[in-house]
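Summary of structural features
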Amino acid sequence: MQQSTITFYGGAGTVTGSNFMLDTGGAKFLVDCGMQQGSHKDEEKNWVPFAYDAKEVSHLIVTHAHIDHIGRIPWLVKQGFAGTILSTAATRALAEPMLHDAFKLLDMKEADTPYTPVHIEKALSLWKVAQYGEDVALADGCTVALHDAGHILGSAMATITRNGRTVLFSGDIGGGNSPLLPHIDTLPKAQYVLLESVYGDRVRQDEDRRERLENVIEDSAGRGGTLLIPAFSTERTQDLLYEIKTLMSEKRVPAMPVYVDSPLASKVTAVFIQELGKGDIFSFPGLKFIETTEESRALEHAPNPKIILAGSGMSTGGRVIAHERWVLPDNKSTLLIVGYQAAGSVGRRLLEGAKTVDLHHEPVKVGAKVEAIFGYSAHRDGEGLLELVNKSSDGIEKVFVVEGEPASAAFLTQRIRDYLSVDAVAPSAGEQAVINL
Ligand SMILES: [Zn+2]
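This is a predicted model, so every value here is computed, not measured.

Scanning the chain for helices and strands turns up 13 helices and 22 strands. When the backbone C-alpha atoms are referred to their principal axes, the chain occupies close to 70 × 50 × 40 Å. A total of 437 residues make up the chain; the buried ones form 49% of that total. Intrachain contacts of the chain at a sequence separation of at least 6 include 73% that bridge at least 24 residues.

Spelled out as structure tokens, the structure:
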């Protein structure tokens with residue numbers, strides 16, 4: 001039997017920064033090349049040279065277009081990568097605006113940036129697309145196939161197969177609660193599974209998220225304030241727009257202006273409309289996409305009640321910060337958290353009940369209500385992950401639990417071993433495993 005190695009260069013012991021290498025001896029493949037996100041200190045680590053020679057990598061397989069899975073692709077290209085990038089068509093379509101936006105968010109002097117838009121264009125020129133279920137030949141006798149992961153538009157789990165043996169890279173697996181995506185209830189057949197564990201130690205509250213959203217919107221309207229929702233530009237914003245549109249058209253909440261203040265979310269919504277092919281399913285009276293910074297600044301004085309969705313989703317940058325400066329001190333207003341908040345992020349501190357947070361190095365008092373609805377999570381919870389492995393456990397020889405904070409990954413690892421009697425480990429960053437493939 002042939003042997004290969006998997007090296008967990010990123011996305012091991014942490015949620016973000018996914019970067020896994022499969023080395024078959026005759027070829028090197030990467031799966032995802034994401035940015036680490038969270039504090040400034042975490043983000044600085046993104047621009048150190050890779051621990052491998054980028055020129056030797058023949059293929060980069062991309063599971064989905066979130067920046068913690070694609071953010072360092074231009075950096076990889078700058079380091080000499082000239083192989084093939086492969087993903088679904090929707091992932092490629094989303095990656096283009098996402099990468100350009102991430103470049104702007106670097107917020108550095110031109111001379112100091114680790115890469116330039118030229119490297120983004122070069123990456124896109126190397127980028128090929130595949131359909132779900134299509135077998136694509138790689139190198140050294142390997143093939144890859146992409147399978148819908150139900151996480152965001154275009155998201156995929158990737159299986160790499162050689163001689164009838166398969167390793168599965170789960171990427172991020174959807175929570176099964178998006179109004180726009182399919183629910184995934186089995187994993188593709190594989191002997192080895194790299195399994196995400198973002199919410200590995202959490203059981204999602206059995207909540208009616210639409211009803212909770214309804215209550216938060218009503219409460220905020222009743223108090224005459226602003227409802228500010230930091231939201232990821234991709235999937236979360238579109239899911240929420242769809243939900244708010246439904247609540248308003250069913251008259252379950254009062255009609256009020258809804259502003260999407262993220263040029264990236266506007267571009268991404270356009271990609272959704274094009275890729276879903278169902279026409280403009282998001283628009284409703286009162287919805288406005290904000291483009292210029294002048295319009296964005298004017299929102300503070302737009303009449304209440306109102307709803308603002310702005311990026312970034314973890315309050316680590318983007319236009320949401322400027323709004324938080326006036327929303328957070330206001331006790332009539334509400335900040336609603338609807339997604340994963342990395343350790344060290346402003347969003348995480350708000351979630352943990354901080355009374356003051358630093359925004360652009362200035363302390364801001366928190367007088368506003370802070371609410372959280374996790375039913376919108378784009379990730380499967382711990383129970384759901386365990387069940388997925390259980391249903392697919394026939395033939396699994398080992399599970400590598402990745403993309404989780406250490407406690408979360410350790411908890412899920414233990415449960416896979418104890419409840420399912422399947423071998424499982426939570427590798428740490430830089431670790432290497434030998435597999436029979
Ligand atoms: Zn993701």
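After that view of the structure, there is still more to cover.
Close contact between helix α12 (residues 382-392) and helix α13 (residues 406-420) brings their axes to 10 Å; oriented N to C, the two are set at 40°. Relative to α13, the element α12 lies oblique. Both α12 and α13 take part in a crossing whose hand is right-handed. Touching G382, L385, L386, V389 and N390 of α12 are F411, L412, R415, I416, Y419 and L420, all from α13. By residue class, the composition of the contact of α12 with α13 is eight nonpolar, two polar and one charged.

To continue, consider the sheet that holds strand β14 (residues 287-289). As summarised here, the arrangement of the six strands in space is β14-β13-β15-β12-β16-β19, forming an open sheet in which the pairing is parallel. The sheet is open, and its two edges are formed by β14 and β19 (369-372), each paired on a single side. On average, each strand axis in the sheet is tilted by 20° relative to the strand beside it, whichever way the strands run. Examined bridge by bridge, strand β13 (residues 258-261) and β14 share three bridges and lie parallel to one another. Along β14, the bridge assignment pairs V260 with F289.

Right, let's talk about the sheet that holds strand β10 (residues 165-169) for a bit. What links the strands of a sheet is backbone hydrogen bonding, and the strands pair in either a parallel or an antiparallel sense. Here we have seven strands laid out as an open sheet, ordered β7-β8-β9-β10-β11-β20-β21, and mixed in their pairing. Of all strands in the sheet, those bounded by a partner on one side alone are β7 (136-137) and β21 (424-425). In the sheet, β10 pairs with strand β11 (residues 192-196) via three bridges, with the strands oriented parallel. Its bridge partner lying in β11, V167 is registered against Y192.

Our next topic: the domain arrangement of the chain. Each assigned domain of the chain is listed here: domain 1 (3-202 + 378-436) and domain 2 (209-376). Using only C-alpha atoms to locate each centre, domain 1 and domain 2 end up separated by 28 Å. In this complex, domain 1 contributes 25 residues to the contact, which on the side of domain 2 involves 24 residues. Ranked by the residues each element gives to the side of domain 1 that touches domain 2, the list is headed by helix α4 (residues 89-105), at seven residues.

Attention now moves to α13. The end-to-end C-alpha distance of α13, which contains 15 residues, comes to 21 Å, matching closely the 21 Å that a straight helix rising 1.5 Å per residue would cover. Of the residues one or two after α13, S421 is the one with positive phi, at around 50°.

This part covers the environment of S283. With respect to the secondary-structure elements, S283 resides in the loop between α8 (263-276) and β14. Accessibility expressed as a C-beta count within 10 Å gives 14 for S283, which makes it partly exposed.

Here is what the cut-offs are and how they apply
- Residues numbered from 1 in each chain as written.
- Predicted model: local features only at pLDDT ≥ 70, side-chain atom pairs only at ≥ 80, totals over all residues.
- Helix = DSSP H or I, 4+ residues; strand = E, 2+ residues; numbered from the N terminus.
- Buried ≥ 20, exposed ≤ 12 C-beta atoms within 10 Å, placed from the backbone.
- Contact = placed C-beta atoms within 7 Å.
- Axes fitted to C-alpha atoms, helices over the stretch in contact; angles between N-to-C directions.
- Parallel < 35°, antiparallel > 145°, perpendicular 65-115°, else oblique.
- Left-handed = near helix turned anticlockwise from the far one by under 90°.
- Nonpolar A, V, L, I, M, F, W, Y, C, P; charged D, E, K, R; others polar.
- Pairing = 2+ DSSP bridges.
- Domains from an automatic or database assignment.
- Expected span 1.5 Å × (residues − 1).

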